[in-house]
There are 2 protein chains.
Amino acid sequence: MKNITSQQSKVLDCIQIHIKKTGFPPTRADICKELGFKSPNSAETHLRALEKKGFINIESGTSRGISITNPEAEVQEDEYPIIGLVAAGSPTLATENVEKVFNCPKGFFGSNFDYFLRVRGLSMKDAGIMEDDLIAVKKTQDIRNGDIVIARIDDEVTVKYFHRHSPNIVHLQPANEEFSDIEIDLKETELFIEGKSVGLIREN
Amino acid sequence: MKNITSQQSKVLDCIQIHIKKTGFPPTRADICKELGFKSPNSAETHLRALEKKGFINIESGTSRGISITNPEAEVQEDEYPIIGLVAAGSPTLATENVEKVFNCPKGFFGSNFDYFLRVRGLSMKDAGIMEDDLIAVKKTQDIRNGDIVIARIDDEVTVKYFHRHSPNIVHLQPANEEFSDIEIDLKETELFIEGKSVGLIREN
DNA sequence: AATTATACTGAATATATATACAGTATAATA
DNA sequence: TATTATACTGTATATATATTCAGTATAATT
């Protein structure tokens, strides 16, 4: 996305405003009227420049065939799958585990994420994570001590605090007195980190 | 909004899909192509029917001048204020207490709500409500025993479980051993119920 | 010094598009 | 029974619209 000139920016604004106001994009003539141009070619050349720079897309031979390339600045809602926390067995993101999809704006929790995990059990109760809560999971290996991770040990999926104080020993710590720490020797046991929690949603 | 026929519904869907896909509404010909009509007048009459019933608006003499009257059915994101839990003094929803606004689709938590409350303290810790969490508050007086309410006693705002087992005695119960019940005699003390919690959001 | 991008006017035109008119047919309503 | 709504085909056309071509002028690059 290259830099935009002052006039091109006005034209881009004009398009956005027209769509918001009327529901459909402007014609060349509409733009001229709005911005005071006397020739439709003034609008045309600006549109071509905006297209070349990647701000808009022009459908050739189509009336009002202008679409704004980057609606990121706008709403951008997306569907995220809700995955049931399967006790054992199948891999986490398998299709059969998708409970339903949940509409949530992108970047709702500041950072991006990949899916929601439906919480089972109360092992993270003291971290305010309750049964049936939805954890927003970001698939990443960039984990720091104290992060809440979604981990897989021997096909069992669990949500815990992550702590690693020596190279081969990882502690998966619950937030509930009734549960005890899981200590994992990476030389003996395989640990797969699915991702980490970046947010939480609870529906009452 | 009158009832819609099956064919008209298809045409309406077609318009919505076209806008979503291309960024601009379809022409009569586009609709024909999509739905298999052989005459542009087929689309035209359906459009007129949809306009008459209030589902769409048609800008006369304008190419692709179709706009959908009720975009409610679509995404419908809205801005909700985040209110800081003020310890004492000013009324809760006063403008000076608005921390910022938060974009969230309407009906995100199943039911509607009015604002987000930023949680201070850990009095509801065992209910999984932690410091800095955002509680989705629905302003209502329709409270049942066990609901999490936002209550005001003498200008102090608090979040607690609501219990009323006799007509004049209300218990506001925390979810934390370190806090004790608040018993309110409605004949002596004024209790104002701001609303109840319908959901929760946590940003990690 | 030559080229390219920006920023316009003005005119011309092929075609994309809305829209009216003429029919046919069926189901619902008054 | 007459009327209206629905659901189409098919043709025609005025005009809305994209788009090209011919210019003029200034600022920014190469």
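Since this is a predicted model, take the numbers as computed values, not measurements.

A. Representation of the overall build of chain A within the structure. Regarding its fold elements, chain A presents three helices and eleven strands. Its helices and strands taken in sequence order, chain A reads α-α-α-β-β-β-β-β-β-β-β-β-β-β from the N to the C terminus. The burial tally for chain A puts 43% of its 204 residues in the buried class. Element-wise, carbon and sulfur atoms account for 47% of the exposed surface of chain A, whose accessible area totals about 10,900 Å².

B. Looking closely at helix α2 (residues 28-35) of chain B. All names here are of chain B. Here α2 has its buried residues at R28, I31 and C32. All buried residues of α2 lie within an arc of 100 degrees about the axis, which places them on one face of the element. Facing away from the buried surface of α2 by more than 90 degrees, the exposed residues are K33 and E34. The inward-facing, buried residues of α2 contact α1 (6-22), α3 (40-52), β1 (56-58) and β2 (66-68). The positive-phi residue at the C-terminal boundary of α2 is G36, with phi of around 85 degrees.

C. Highlighting the protein's contact with DNA strand D. Taken together, 25 residues sit near DNA strand D, with G61 and R64 of chain A together with Q7, S39 and S42 of chain B positioned nearest. Restricting the count to atoms of DNA strand D within 4 Å of the protein gives a sugar and phosphate share of 74%. At 3.1 Å, a side-chain N or O of S60 of chain A approaches a phosphate oxygen of DNA strand D. Measuring from a base oxygen of DNA strand D, one finds a side-chain N or O atom of N41 of chain B at 3.1 Å. Elements represented by at least two residues in the surface near DNA strand D include exactly α3 (40-52) of chain A together with α1 and α3 of chain B.

D. Focus on the protein's contact with DNA strand C. Residues in close proximity to DNA strand C total 25 residues, the closest being Q7, S39 and S42 of chain A together with G61 and R64 of chain B. A share of 76% of the atoms of DNA strand C within 4 Å of the protein falls on sugar and phosphate groups. R28 of chain B is positioned with one of its backbone polar atoms (N or O) 3.0 Å from a phosphate oxygen of DNA strand C. At 3.2 Å from a phosphate oxygen of DNA strand C is found a side-chain nitrogen or oxygen belonging to S60 of chain B.

E. The arrangement of the relation of the copies chain B and chain A in detail. The transform that puts chain B on chain A rotates by 179 degrees and translates by 1.0 Å along the axis, for an RMSD of 1.4 Å. Here the transformation between the copies is reduced to the relation of a two-fold axis. The C-alpha atom lying nearest the rotation axis in chain B is that of G128 of chain B; the distance is 1.8 Å.

F. Focus on the interface of chain B and chain A. In this assembly, 34 residues from chain B lie in contact with 34 residues from chain A. Both sides together, the interface formed by chain B and chain A hides about 2,500 Å², and carbon and sulfur atoms give 55% of it. One salt bridge connects K125 of chain A with D126 of chain B, and the closest N-O pair in it is separated by 3.9 Å. Viewed at the interface, chain A and chain B are joined by nine residue pairs in polar contact (both at pLDDT 80 or more). Put simply, the parts of the chain that give the side of chain B that touches chain A at least two residues each are β2, β4 (98-105) and β11 (191-203) of chain B. Sorting elements by how many residues they give to the side of chain B that touches chain A places β11 of chain B first, with seven residues. In the side of chain B that touches chain A, the residues fall into 15 nonpolar, twelve polar and seven charged.

G. Expanded view of the environment of I153 of chain A. All names here are of chain A. When you line up the elements, I153 lands in strand β7 (residues 148-153). Here the alpha-carbon distance between I153 and L191, two residues 38 residues apart in the chain, equals 5.3 Å. What I153 contacts, discounting residues up to four positions off in sequence, is T158, L172, I182, I184, T189, E190 and L191.

H. Representation of the UniProt feature "DNA-binding region" (unreviewed entry) in chain A. Mapped onto the present numbering, the UniProt feature "DNA-binding region" (unreviewed entry) falls on residues 28-48 of chain A. Here residues 28-48 of chain A is 81% helix and 0% strand, with 11 Å between the C-alpha atoms at its ends.

I. Representation of the pattern of salt bridges in the model. Residues and elements named next belong to chain B. According to the stated counting rule, one finds 24 salt bridges over all chains in the structure shown. For the salt bridge of D133 with R202, the shortest nitrogen-to-oxygen distance reads 2.9 Å. Taken together, the positions of D133 in the loop between β5 (115-118) and β6 (134-138) and R202 in strand β11 put the pair 69 residues apart, joining distant regions of the chain. The class of D133 is buried, set by a relative accessible area of 2%. Relative accessible area serves as the criterion here: at 10%, R202 is assigned to the buried category.

Rules used in this analysis
Residues numbered from 1 in each chain as written. Chains lettered and ligands numbered in written order. Predicted model: local features only at pLDDT ≥ 70, side-chain atom pairs only at ≥ 80, totals over all residues. Heavy atoms only, no water. Helix = DSSP H or I, 4+ residues; strand = E, 2+ residues; numbered from the N terminus. Buried < 20%, exposed > 50% of the residue type's maximum accessible area, 1.4 Å probe, protein only. Areas by Shrake-Rupley, 256 points an atom, 1.4 Å probe, with all protein chains shown as cover. Arc of directions from axis to C-beta. Contact = heavy atoms within 4.5 Å. Near = heavy atom within 4 Å. Polar contact = N/O pair within 3.5 Å; in protein donor to acceptor, adjacent residues only side chain to side chain. Least-squares fit on C-alpha atoms with pLDDT ≥ 70 in both. Buried area = accessible area lost by both parts, 1.4 Å probe. Salt bridge = Lys/Arg side-chain N within 4 Å of Asp/Glu carboxyl O. Nonpolar A, V, L, I, M, F, W, Y, C, P; charged D, E, K, R; others polar. UniProt positions renumbered as here; feature names shortened; annotations may be inferred.

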